[in-house]
Every structure is written in structure tokens, then in C-alpha cells.
Amino acid sequence: MKCPYCGCDDTQVKDSRPTEDNTAIRRRRICSACGGRFTTFERIQLRELTVIKRSGRRVPFDREKLARSVRIATRKRPVEPEQQERMVSGIVRQLESSGESDVKASDIGHLVMEGLKVLDDVAYVRFASVYKNFREAKDFEALLDEMSGPEGPGLEDR
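What you are looking at is a predicted structure, and each value in this text was computed from that prediction instead of being measured. (Residues numbered from 1 in each chain as written. Predicted model: local features only at pLDDT ≥ 70, side-chain atom pairs only at ≥ 80, totals over all residues. Heavy atoms only, no water.)

Here we look at the sheet that holds strand 5 (residues 58-60)
For the record, the criterion: Two strands pair if DSSP finds at least two bridges between them. Counting from the N terminus, the helices are the DSSP runs of H or I reaching at least four residues and the strands are the DSSP runs of E reaching at least two. Working convention: axes come from line fits to C-alpha atoms, limited for helices to the stretch in contact. Angles between N-to-C directions cover 0 to 180 degrees. In what follows, a contact means two residues having at least one pair of non-hydrogen atoms within 4.5 Å.
Pairing in this open sheet of three strands is mixed, and the strands run 5-4-6 from one edge to the other. Looking at the sheet topology across the chains shown, the edges are occupied by strand 5 and strand 6 (102-104). Taken over all neighbouring pairs, the strand axes of this sheet differ in orientation by 35° on average, direction set aside. Both strand 4 (residues 50-52) and strand 5 contribute to a ladder of three bridges, which runs antiparallel. Bridging across to strand 5, Thr 50 finds its partner in Pro 60. Against the sheet, helix 3 (residues 105-119) engages strand 4 and strand 6, with an angle of about 65° to strand 6.

Structure, rendered in C-alpha cells:
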């Protein structure tokens, strides 16, 4: 593994352990050249996924981009990083086990919205406003009305 600080290829693993949800191996490493310490994660990848964008363009699936979207939606909210990671891992597992290598971006967005709806209402609204391309206040009102509808508790019930 290449050192992120000095670029040296000679690094040693000092500690390995599974993550809390047992979906990855966390490795603490040290560089023999500069002494820098860093962490890497090793994950199982069932298949290579390709995302089909709305424009029809095809791009490789990027787990980190998905995780970043979830982090942005949950920023300054009472959602633990472990909860975010479990949600992202669950979405990736669903996509990989679906049997399809090509996944529509809208399907990924839908899975993220489902996960955020369970984690945090505000994060859900934040993500939905970008995902559904809200342009005016009544778009937010419609979403909030939908959330407080008969299918479950809304913001006012918390």
C-alpha cells in the first residue's frame, strides 16, 4: 500500500480488525520511510457496477461519492458516522446483490431517500431537495405534506 504522505510503497500493517458491521477490514498502517500512520479499509466487491445517469452517460459506481452525499445530507444532524456507514453499506449490498451490473442513478437516489427517511427527517428533506431539484417553496411544502401523511410520523410528531 502506498503511503499517502510521502508516496513510499513500503508500509506495514500494525493492526487489523473487522468493522462494527463486519462488512470490511480496517487496517492501521505505518510508513517505514516517513513514519506516517494511516487507515485503510478492505471491502468485498461482488461485481463491478456502472451507473446510468439521467443523460444516458455511463460512469463507474463510486462508493465514496454515495457516502459523501449521505454525509452532506446529515451534516450537523444527530446521525452517528456508524449509522451513515451502515446505511451506505446496505445500499451497496442491495445494488451488488440485485444481479444487475448497470444501475440507474435514480434507483440509487431512491434507495438513499428511503434510508435517510428512517435516519433523520431533516437529512431526508435536504437530500430530496437536491435529488428532486426543488425550485420553489411549494416543492418543500408538498414533500412535508407527504411526510406527515397517513404512512407515518412526520416532523411535527417528533
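Still to come is the rest of the account.
Examining the packing of helix 4 (residues 121-131) against helix 5 (residues 137-147)
Quick reminder of the rule: For classification purposes, angles smaller than 35 degrees are called roughly parallel, those larger than 145 roughly antiparallel, those between 65 and 115 roughly perpendicular, and all remaining angles oblique. The handedness criterion is simple: a crossing whose near helix is rotated anticlockwise from the far helix by less than a right angle is left-handed, and one whose near helix is rotated clockwise is right-handed. Under the scheme applied here, ten amino acids are nonpolar (Ala, Val, Leu, Ile, Met, Phe, Trp, Tyr, Cys and Pro), four are charged (Asp, Glu, Lys and Arg), and all others, including Gly, are polar.
Packing of helix 4 against helix 5 brings their axes to within 11 Å, and their N-to-C directions diverge by 140°. As summarised for this structure, helix 4 and helix 5 are arranged oblique, according to the angle between their axes. Read as a crossing pair, helix 4 and helix 5 show a hand that is right-handed. In contact with Asp 121, Tyr 124, Val 125, Ala 128 and Ser 129 of helix 4, helix 5 contributes Phe 140, Leu 143, Leu 144, Glu 146 and Met 147. Classifying every residue of the contact of helix 4 with helix 5 by side-chain character gives seven nonpolar, one polar and two charged.

What about the nonpolar core?
The following threshold applies: The definition of a nonpolar core used throughout is a set of buried Ala, Val, Leu, Ile, Met, Phe, Trp, Tyr and Cys residues joined through side-chain atoms within 4.5 Å. Here's how the labels work: a residue is buried when its accessible area is under 20% of the maximum for its type, exposed when over 50%, partly exposed in between, all with a 1.4 Å probe on protein chains only.
Judged by nonpolar contacts, the single largest core of 27 residues is most densely connected at Phe 61, Leu 66, Leu 95, Ile 108, Val 112 and Leu 116. Taken together, the elements giving at least two residues each to this core come down to helix 1 (63-74), helix 2 (81-97), helix 3, helix 4 and helix 5. Setting aside chain neighbours within four positions, we find Leu 116 in contact with Val 70, Ala 73, Thr 74, Met 87, Asp 121, Ala 123, Tyr 124 and Phe 127.

Concerning the environment of Val 125
Mapped onto the elements of the fold, Val 125 is located in helix 4. Overall, Val 125 belongs to the buried group, its relative accessible area being 13%. Placed 27 residues apart in sequence, Val 125 and Ser 98 show a C-alpha to C-alpha distance of 27 Å.

Topic: the layout of surface pockets
Operational definition: Here a cavity denotes grid points, spaced 1 Å and computed from the protein atoms alone, that fit a 1.4 Å probe unable to get out, and a pocket denotes an open set having protein on both sides within 12 Å along at least 5 of 7 lines; residues with an atom within 4 Å of a point are the lining. Grid points are joined across faces, edges and corners, and a volume is the space filled by probe spheres set on the points.
Reported here for the largest pocket is a volume of approximately 570 Å³. Along its surface, the largest pocket is lined by 20 residues, and Lys 53, Lys 65, Ser 69, Ile 108 and Phe 127 are the ones closest to its centre. For the lining of the largest pocket, the secondary structure elements donating two or more residues are strand 5, helix 1, helix 3 and helix 4. Examining the composition of the lining of the largest pocket, we find that five residues originate from one element, helix 1, more than from any other. Residues belonging to the lining of the largest pocket are distributed by class as follows: 13 nonpolar, two polar and five charged.

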